[in-house]
Amino acid sequence: MIDSHDLSTKYVHKPPSILSQILPWVLGTALVAFLIWLGIQLNNQVNPPSPIFKMIRFQNGWLVALGYLLGIVAVMCGTSAIGLSQARAAGKRRVSFFAILGDQVTHLLIWIVIFAAVYPLVYVIFTSFDPTNKIYNTKNVDSIWLLVQAKIIPDISSFSSENYQKLVNGFSVLGFQWIFIGLVVLSLLFLAGLSIYTRITGEIRGIQRLQTWGMRSLVLSIVVLILTVAADQFKGPDVESKFLLHIRNTFLISGLTGIVAISLCTTAGYAVARLRFPGRFETLLFFIFVQMFPGFLGLVSVYYLLFQLGLLNTFTGLILAYSGGAIAFTTWIYKSYVEGLPLSLEEAAMVDGCTRWQVFYKIVLPLSGPILVFIFLNQFIGTYAE
């Protein structure tokens, strides 16, 4: 028999030792001291001083920083107090002030991380309005704002649209293209109006179909514009005036590559997942074997094939090359997805008289929407990045 006294003494909570309480503080202090020492050493290495790194002296700066910090603390405490009063009014008596304040601090840290991730993109967008085309300008900025002097925030006083004017220099829009440009604008305004109406009224059931048609109109108009824009419409003398043409070609090739990749991987993935044929297992092993080698090893063979087919310097050759490189990876992904679908749905459809092909495009493809979107975006982004 097991003595209950032994169990109570076995699982009794032991207080933490003094070493475990002191050690985190010692390690934290040592880390801060190391970072301070590292900063001093790096500062001493700058000899002569670089014009990029400089000390900005702000009058009574520590008072301003302390005021901002106290203001943030006051706002967070105020919002926590308001949240606590609302929780008490709703009957939630166990909610504490410090729990709400902890949530506020957590949200603040999350927004700081989001800002740090988005900051480079925002800074590059601001820099695009700088006529000097410099991401960082070494000249001093005369401003009352400390963040502008430190060049954390760009100085917008010298911004202009010169760079964007070069992009449309010499570009002519055909008459029928204005119709689709108007459809794009109207579709965006229509979708924005539906979104605002839904937020105000809360009605969703009758709006979803209108949103679907608005999205279809937007996508169709953009696709028609991309397909109908020709190189003859770009007659600007500068290299920048061809930028929109390059973007159009990139979207066209990336989009068609994603569509071709979906066509190839869905048929191949469904075949190896549901059909049993000689060489099926060897085909899967070959796909894995191909993925072990980097893509540039096949450049010579791809170039030779395109040369023999007369597809060098053509969109068709580039689309086929990108699409062929995606077959192995995307086929494995789609095969795993199809194997997770209930086989009874396909068997029931075949009992009702559907052929294998009808089962594929009437049953399997409609259920494969999420994975098809993933495959398309994966291939689109990969091709666009090239």
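Values in this document were obtained by computation on a predicted structure and should not be read as measured data. (Residues numbered from 1 in each chain as written. Predicted model: local features only at pLDDT ≥ 70, side-chain atom pairs only at ≥ 80, totals over all residues. Heavy atoms only, no water.)

S.K.: Could you clarify how one ought to interpret the side chain of serine 187 in this entry?
M.R.: Relative to the assigned elements, serine 187 resides in helix H7 (residues 175-201). Non-local contacts of serine 187, meaning those with residues more than four positions away in its chain, are made with Gly214, Ser217 and Leu218. (Helix = DSSP H or I, 4+ residues; strand = E, 2+ residues; numbered from the N terminus. Contact = heavy atoms within 4.5 Å.)

S.K.: Before we go on, may I ask you to explain H7 in this structure?
M.R.: Taking 1.5 Å as the rise per residue, H7 with 27 residues should run 39 Å; its terminal C-alpha atoms sit 39 Å apart, in good agreement. Listed as buried for H7 are Gln177, Val184, Ser187, Leu191, Leu194 and Thr198. Where H7 is buried, its residues meet helix H8 (208-228). Backbone geometry just after H7 places glycine 202 at a positive phi near 80°. (Expected span 1.5 Å × (residues − 1). Buried < 20%, exposed > 50% of the residue type's maximum accessible area, 1.4 Å probe, protein only.)

S.K.: I keep staring at the confidence of the model for the chain and nothing clicks. Help me out?
M.R.: Close inspection of predicted coordinates is inappropriate in any region flagged by low pLDDT. Summing up the model confidence of the chain, the mean pLDDT is 82 and the portion of residues at 70 or higher is 88%. Taking the mean pLDDT of every element in the chain, the minimum, 49, falls on helix H1 (residues 4-10) and the maximum, 91, on helix H16 (residues 369-385). (pLDDT = per-residue confidence, 0-100.)

S.K.: Honestly, the packing of aromatic side chains in this entry has me stumped. Any pointers?
M.R.: Given two aromatic rings, their pairing is described by the distance between the two centres and the angle made by the two planes. According to the stated counting rule, one finds 16 aromatic pairs in the structure shown. Between the aromatic rings of phenylalanine 129 and phenylalanine 159, the centroid separation amounts to 6.1 Å while the plane-to-plane angle is 20°, which identifies the pairing as stacked. Here phenylalanine 129 is found in the loop between helix H4 (97-127) and helix H5 (146-149), whereas its partner phenylalanine 159 is found in the loop between H5 and helix H6 (162-167), with 30 residues between them in sequence. Note on phenylalanine 159: relative accessible area 24%, which makes it partly exposed. Judged by centre distance (5.2 Å) and plane angle (45°), the rings of tyrosine 270 and phenylalanine 360 are tilted. Taken together, the residues span a long stretch of sequence, with tyrosine 270 in helix H9 (residues 243-274) and phenylalanine 360 in helix H15 (residues 356-367) at a distance of 90 residues. Comparing tyrosine 270 with phenylalanine 360 shows no difference in burial state: the two are buried. Following the ring pairs from residue to residue traces out a cluster consisting of Phe126, Phe129, Phe159 and Tyr164. Over the ring of tryptophan 213 we find arginine 216; its NZ or CZ atom is 5.0 Å from the centre of that ring. (Phe/Tyr/Trp six-rings, centres within 6.5 Å; stacked < 30°, edge-to-face > 60°. Lys NZ or Arg CZ within 6 Å of the ring centre and 35° of its normal.)

S.K.: In this structure, what is going on with the packing of helix H13 (residues 327-339) against H15? I would like to understand it.
M.R.: Packed helix pairs are specified by the crossing angle of their axes together with the interaxial distance, meaning the distance between the axes. Running from N to C, H13 and H15 point in directions that differ by 100°, and their axes come no closer than 10 Å. Here H13 lies roughly perpendicular to H15, going by the angle between them. Between H13, through Tyr334, Tyr337 and Val338, and H15, the contact on the second element is made entirely by Phe360, Val364, Leu365 and Leu367. Of the residues in the contact of H13 with H15, the class split is seven nonpolar, no polar and no charged. (Axes fitted to C-alpha atoms, helices over the stretch in contact; angles between N-to-C directions. Parallel < 35°, antiparallel > 145°, perpendicular 65-115°, else oblique. Nonpolar A, V, L, I, M, F, W, Y, C, P; charged D, E, K, R; others polar.)

S.K.: Where do I start with the environment of isoleucine 259 in this structure?
M.R.: In this fold, isoleucine 259 is placed in helix H9. Residues isoleucine 259 and isoleucine 375, spaced 116 residues apart in sequence, show a C-alpha to C-alpha distance of 9.3 Å.

S.K.: I'm lost on the layout of surface pockets in this one. Help?
M.R.: To find leftover empty space, a probe the size of one water molecule is rolled over the atoms. Of the pockets and cavities examined, the largest pocket occupies roughly 1,100 Å³. Where the lining of the largest pocket is concerned, the elements lending two or more residues are helix H10 (280-291), helix H11 (299-309), helix H12 (315-325), H13 and H16. It is H12 that provides the largest number of residues to the lining of the largest pocket, a total of seven residues. When the residues that make up the lining of the largest pocket are grouped by side-chain class, the tally is 21 nonpolar, twelve polar and one charged. Taken as a whole, the second largest pocket holds about 450 Å³ of empty space. Along the wall of the second largest pocket there are 15 residues; nearest its centre are Val219, Val223, Gly255, Ile259 and Phe376. For the lining of the second largest pocket, the secondary-structure elements that each account for two or more residues are H8, H9 and H16. (1 Å grid on protein atoms, 1.4 Å probe; cavity = no way out; pocket = protein on both sides within 12 Å on 5 of 7 lines; lining within 4 Å. Points joined across faces, edges and corners; volume = space filled by probe spheres on them.)

S.K.: Would you mind going over the pattern of salt bridges with me for this structure?
M.R.: Once their charged atoms are close, side chains differing in charge can pair, the charge on each being opposite to the other. This structure, assessed with the given rule, holds four salt bridges. The salt bridge partner of glutamate 346 is arginine 274, with a shortest N-O separation of 2.8 Å. You can see glutamate 346 sitting in helix H14 (residues 343-351) and its partner arginine 274 sitting in helix H9, a full 72 residues away along the chain. Residue classification places glutamate 346 among the buried positions, given a relative accessible area of 3%. A salt bridge links glutamate 339 to lysine 335, with the shortest nitrogen-to-oxygen separation between them at 3.0 Å. With glutamate 339 and lysine 335 both in helix H13 and four residues apart, the pair spans about one turn of that helix. Taking relative accessible area as the criterion, glutamate 339 reaches 37% and is therefore assigned partly exposed. (Salt bridge = Lys/Arg side-chain N within 4 Å of Asp/Glu carboxyl O.)

S.K.: Explain unusual backbone geometry to me, please; I cannot follow it from the model alone.
M.R.: Most peptide bonds adopt trans geometry, and most residues besides glycine take a negative phi value. One non-glycine residue, asparagine 313, lies in the positive phi region at around 55°. Since its relative accessible area comes to 84%, asparagine 313 is described here as exposed.

S.K.: What's the story with the packing of H9 against H16 in this structure? I'm lost.
M.R.: Following both chains from N to C, one finds H9 and H16 inclined at 140°, their axes separated by 8 Å at the closest point. By the angle between their directions, the pair H9 and H16 is classed as oblique. Taken as a pair, H9 and H16 cross one another with a handedness that is right-handed. Looking at the contact of H9 with H16 residue by residue, the classes come out as twelve nonpolar, eight polar and no charged. (Left-handed = near helix turned anticlockwise from the far one by under 90°.)

S.K.: Got a minute to help me understand the nonpolar core in this structure?
M.R.: In summary, soluble globular proteins display a tendency toward joint burial of nonpolar side chains. Ranked by internal contacts, the top residues of the largest apolar core, which has 14 residues, are Tyr270, Tyr334, Val338, Val364 and Ile375. Looking at this core, the elements with two or more residues in it are H9, H13, H15 and H16. Among the elements that make up this core, the one with the highest residue count is H9 (four residues). Not counting the four nearest positions on each side in its chain, isoleucine 375 is found in contact with Ile262, Cys265, Thr330 and Tyr334. (Core = buried A, V, L, I, M, F, W, Y, C linked by side-chain atoms within 4.5 Å.)

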